[in-house]
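An overview of the molecular structure
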Amino acid sequence: DGALVITEKPAAGGRKGLAVSNVSLDIKISKDADLRFLDIKLNSGDISVKDVSADWFSGIVGAGNITLTNSNFLKADLVTKAGNVNVSDTNLNKVKIDANAGSAKVDAVEPRDEYDIECNVKKGNVKIGNKSSSGKYKSKAGGKSSKNTDSIEINVNVGNIEIQ
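Residues numbered from 1 in each chain as written. Predicted model: local features only at pLDDT ≥ 70, side-chain atom pairs only at ≥ 80, totals over all residues. Heavy atoms only, no water.

**Considering the overall build of the protein chain**
Counting secondary structure elements, the protein chain contains zero helices and eleven strands. Put simply, the protein chain has 164 residues, and 31% of those count as buried. Once local pairs closer than 6 in sequence are excluded, the contacts in the protein chain between residues at least 24 apart make up 33%. Taken as a whole, the protein chain presents about 10400 Å² of accessible surface, with 47% of it coming from carbon and sulfur. (Helix = DSSP H or I, 4+ residues; strand = E, 2+ residues; numbered from the N terminus. Buried < 20%, exposed > 50% of the residue type's maximum accessible area, 1.4 Å probe, protein only. Contact = heavy atoms within 4.5 Å. Areas by Shrake-Rupley, 256 points an atom, 1.4 Å probe, with all protein chains shown as cover.)

**Focus on the pattern of salt bridges**
Pairing between side chains of opposite charge can happen when their charged atoms approach one another. One pass over the structure, following the stated rule, counts one salt bridge. Residue D39 is joined to K41 by a salt bridge in which the shortest nitrogen-to-oxygen separation is 3.9 Å. (Salt bridge = Lys/Arg side-chain N within 4 Å of Asp/Glu carboxyl O.)

**Examining the pairing of strand β10 (residues 150-158)**
Where strand β6 (residues 85-101) meets β10, seven bridges bridge the pair, whose relative direction is parallel. The residue of β10 that forms the bridge with A99 is V156. Both strand β8 (residues 115-128) and β10 contribute to a ladder of eight bridges, which runs parallel. Across the sheet, residue V121 finds its bridge partner in β10, namely V156. (Pairing = 2+ DSSP bridges.)

**Quick notes on the environment of G64**
Structurally, G64 can be placed in the loop between β3 (53-63) and β4 (66-69). Through-space distance from the C-alpha of G64 to that of G83 is 4.7 Å; in sequence the pair is 19 residues apart. In this structure, G64 is in contact with G45, D46, T80, A82, G83 and N84, ignoring residues within four places of it in sequence.

**Overview of unusual backbone geometry**
A positive phi angle is found at D51, which is not glycine, with a value near 60 degrees. With respect to the secondary-structure elements, D51 resides in the loop between β2 (47-50) and β3. Look at D51 and you get partly exposed, because its relative accessible area is 25%. Phi is positive for N70, close to 50 degrees, though the residue is something other than glycine.

**A word on the nonpolar core**
If you look at the biggest cluster of nonpolar residues, it comprises 32 residues, and the most contacted ones within it are F73, L78, V106, I154 and I163. When neighbours within four sequence positions are excluded, I163 is seen to be in contact with V106, R112, I117, C119, K127, I128, G129, I152 and I154. (Core = buried A, V, L, I, M, F, W, Y, C linked by side-chain atoms within 4.5 Å.)

**A look at the pairing of β6**
Note that β4 and β6 share four bridges and pair parallel. Of the residues in β6, the one forming a bridge with T67 is N86. Relative to strand β7 (residues 104-108), β6 runs parallel, the two being bridged by five bridges. By the bridge assignment for β7, V87 is matched with V106.

Okay, structure coming up:
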(Lines give C-alpha, C1' and ligand atoms only; values in the text may rest on other atoms or scores of the structure.)
Protein backbone atom coordinates (compact mmCIF):
# COMPACT_ATOMS: atom_id res chain seq x y z
CA ASP A 1 0.00 0.00 0.00
CA GLY A 2 2.13 2.88 -1.25
CA ALA A 3 1.38 6.30 -2.62
CA LEU A 4 2.98 8.37 -5.32
CA VAL A 5 2.33 12.10 -5.01
CA ILE A 6 3.41 14.43 -7.80
CA THR A 7 2.99 18.17 -7.37
CA GLU A 8 3.20 20.69 -10.17
CA LYS A 9 5.48 23.61 -9.27
CA PRO A 10 6.54 26.69 -11.25
CA ALA A 11 9.81 26.45 -13.15
CA ALA A 12 12.91 28.02 -11.59
CA GLY A 13 13.26 31.63 -12.68
CA GLY A 14 9.72 31.69 -14.03
CA ARG A 15 6.62 33.26 -12.61
CA LYS A 16 3.88 31.19 -11.09
CA GLY A 17 1.30 30.14 -13.65
CA LEU A 18 3.50 30.55 -16.74
CA ALA A 19 3.66 27.51 -18.97
CA VAL A 20 6.95 25.76 -19.66
CA SER A 21 7.15 23.96 -23.00
CA ASN A 22 8.45 20.44 -23.63
CA VAL A 23 7.94 19.19 -20.09
CA SER A 24 6.56 15.69 -19.63
CA LEU A 25 6.35 13.06 -16.95
CA ASP A 26 6.03 9.39 -17.85
CA ILE A 27 4.90 6.95 -15.19
CA LYS A 28 4.97 3.27 -16.08
CA ILE A 29 2.73 0.91 -14.13
CA SER A 30 3.08 -2.85 -14.39
CA LYS A 31 0.14 -4.50 -16.18
CA ASP A 32 -0.33 -6.88 -13.25
CA ALA A 33 -0.49 -4.05 -10.69
CA ASP A 34 -3.64 -4.11 -8.56
CA LEU A 35 -4.68 -0.45 -8.60
CA ARG A 36 -7.77 0.55 -6.71
CA PHE A 37 -7.57 4.30 -7.26
CA LEU A 38 -5.67 6.40 -9.79
CA ASP A 39 -6.01 10.18 -9.46
CA ILE A 40 -4.26 12.65 -11.80
CA LYS A 41 -4.80 16.41 -11.53
CA LEU A 42 -3.03 19.01 -13.70
CA ASN A 43 -3.41 22.76 -14.08
CA SER A 44 -2.24 22.50 -17.68
CA GLY A 45 -0.89 19.73 -19.88
CA ASP A 46 -2.16 16.47 -21.29
CA ILE A 47 -3.06 13.30 -19.44
CA SER A 48 -2.47 10.13 -21.45
CA VAL A 49 -3.22 6.74 -19.90
CA LYS A 50 -2.45 3.54 -21.81
CA ASP A 51 -2.61 -0.13 -20.79
CA VAL A 52 -3.70 0.58 -17.19
CA SER A 53 -6.34 -1.15 -15.05
CA ALA A 54 -7.85 0.34 -11.90
CA ASP A 55 -11.10 0.22 -9.97
CA TRP A 56 -11.48 4.00 -10.18
CA PHE A 57 -9.72 6.62 -12.29
CA SER A 58 -10.07 10.36 -11.84
CA GLY A 59 -8.46 12.67 -14.40
CA ILE A 60 -8.82 16.44 -14.04
CA VAL A 61 -7.01 19.00 -16.20
CA GLY A 62 -7.51 22.76 -16.42
CA ALA A 63 -6.12 23.27 -19.94
CA GLY A 64 -5.21 20.14 -21.87
CA ASN A 65 -6.48 16.87 -23.23
CA ILE A 66 -7.29 13.55 -21.56
CA THR A 67 -6.70 10.35 -23.54
CA LEU A 68 -7.43 6.79 -22.36
CA THR A 69 -6.28 3.90 -24.56
CA ASN A 70 -6.47 0.13 -24.11
CA SER A 71 -7.28 0.36 -20.41
CA ASN A 72 -9.82 -1.04 -17.96
CA PHE A 73 -11.72 0.96 -15.32
CA LEU A 74 -14.77 0.09 -13.24
CA LYS A 75 -15.41 3.82 -12.83
CA ALA A 76 -13.84 6.85 -14.52
CA ASP A 77 -14.41 10.56 -13.87
CA LEU A 78 -12.81 12.79 -16.50
CA VAL A 79 -12.91 16.60 -16.32
CA THR A 80 -11.33 19.24 -18.54
CA LYS A 81 -12.01 22.97 -18.55
CA ALA A 82 -10.37 23.57 -21.94
CA GLY A 83 -9.46 20.47 -23.91
CA ASN A 84 -10.71 17.26 -25.46
CA VAL A 85 -11.42 13.85 -23.92
CA ASN A 86 -10.74 10.77 -26.05
CA VAL A 87 -11.42 7.22 -24.88
CA SER A 88 -10.61 4.28 -27.17
CA ASP A 89 -10.35 0.50 -26.81
CA THR A 90 -11.08 0.81 -23.10
CA ASN A 91 -13.36 -1.29 -20.88
CA LEU A 92 -15.55 1.01 -18.84
CA ASN A 93 -18.34 0.18 -16.44
CA LYS A 94 -19.30 3.71 -15.52
CA VAL A 95 -17.78 6.84 -17.04
CA LYS A 96 -18.63 10.49 -16.48
CA ILE A 97 -17.05 13.17 -18.67
CA ASP A 98 -17.35 16.92 -18.15
CA ALA A 99 -15.76 19.19 -20.76
CA ASN A 100 -16.34 22.92 -20.57
CA ALA A 101 -14.72 23.90 -23.87
CA GLY A 102 -13.76 20.84 -25.87
CA SER A 103 -15.10 17.69 -27.43
CA ALA A 104 -15.57 14.19 -26.02
CA LYS A 105 -15.20 10.96 -27.99
CA VAL A 106 -15.81 7.49 -26.54
CA ASP A 107 -15.11 4.26 -28.39
CA ALA A 108 -15.50 1.65 -25.64
CA VAL A 109 -14.74 -2.05 -26.07
CA GLU A 110 -18.32 -3.07 -25.20
CA PRO A 111 -21.09 -2.30 -27.71
CA ARG A 112 -22.83 1.01 -26.92
CA ASP A 113 -26.25 -0.66 -26.62
CA GLU A 114 -25.00 -2.26 -23.38
CA TYR A 115 -24.74 1.17 -21.72
CA ASP A 116 -27.20 3.66 -20.32
CA ILE A 117 -26.16 6.79 -22.21
CA GLU A 118 -26.88 10.40 -21.29
CA CYS A 119 -25.33 13.25 -23.28
CA ASN A 120 -25.86 16.99 -22.88
CA VAL A 121 -24.24 19.62 -25.08
CA LYS A 122 -25.06 23.33 -24.93
CA LYS A 123 -23.32 24.46 -28.14
CA GLY A 124 -22.36 21.60 -30.43
CA ASN A 125 -23.54 18.26 -31.74
CA VAL A 126 -24.11 14.79 -30.35
CA LYS A 127 -23.27 11.84 -32.63
CA ILE A 128 -24.17 8.35 -31.46
CA GLY A 129 -23.16 5.79 -34.08
CA ASN A 130 -24.59 7.18 -37.33
CA LYS A 131 -27.23 9.40 -35.68
CA SER A 132 -26.55 13.09 -35.09
CA SER A 133 -28.50 15.65 -33.10
CA SER A 134 -27.94 18.74 -31.02
CA GLY A 135 -28.71 19.33 -27.38
CA LYS A 136 -29.47 16.10 -25.55
CA TYR A 137 -29.40 12.37 -26.10
CA LYS A 138 -30.57 9.65 -23.73
CA SER A 139 -30.93 5.89 -24.09
CA LYS A 140 -31.24 2.87 -21.83
CA ALA A 141 -29.20 -0.32 -22.23
CA GLY A 142 -31.33 -2.87 -24.04
CA GLY A 143 -34.29 -0.50 -23.68
CA LYS A 144 -34.42 -0.69 -19.88
CA SER A 145 -32.15 0.29 -17.02
CA SER A 146 -31.15 -1.09 -13.66
CA LYS A 147 -28.75 0.04 -10.92
CA ASN A 148 -26.11 -2.41 -12.18
CA THR A 149 -26.16 -1.22 -15.79
CA ASP A 150 -22.97 0.23 -17.23
CA SER A 151 -23.30 3.92 -18.03
CA ILE A 152 -21.79 6.74 -20.05
CA GLU A 153 -22.61 10.31 -19.02
CA ILE A 154 -21.12 13.21 -20.98
CA ASN A 155 -21.67 16.93 -20.42
CA VAL A 156 -20.12 19.48 -22.80
CA ASN A 157 -20.69 23.25 -22.81
CA VAL A 158 -19.00 24.11 -26.13
CA GLY A 159 -17.88 21.25 -28.36
CA ASN A 160 -19.10 17.95 -29.75
CA ILE A 161 -19.85 14.51 -28.34
CA GLU A 162 -19.26 11.29 -30.27
CA ILE A 163 -19.89 7.72 -29.11
CA GLN A 164 -19.04 4.82 -31.45
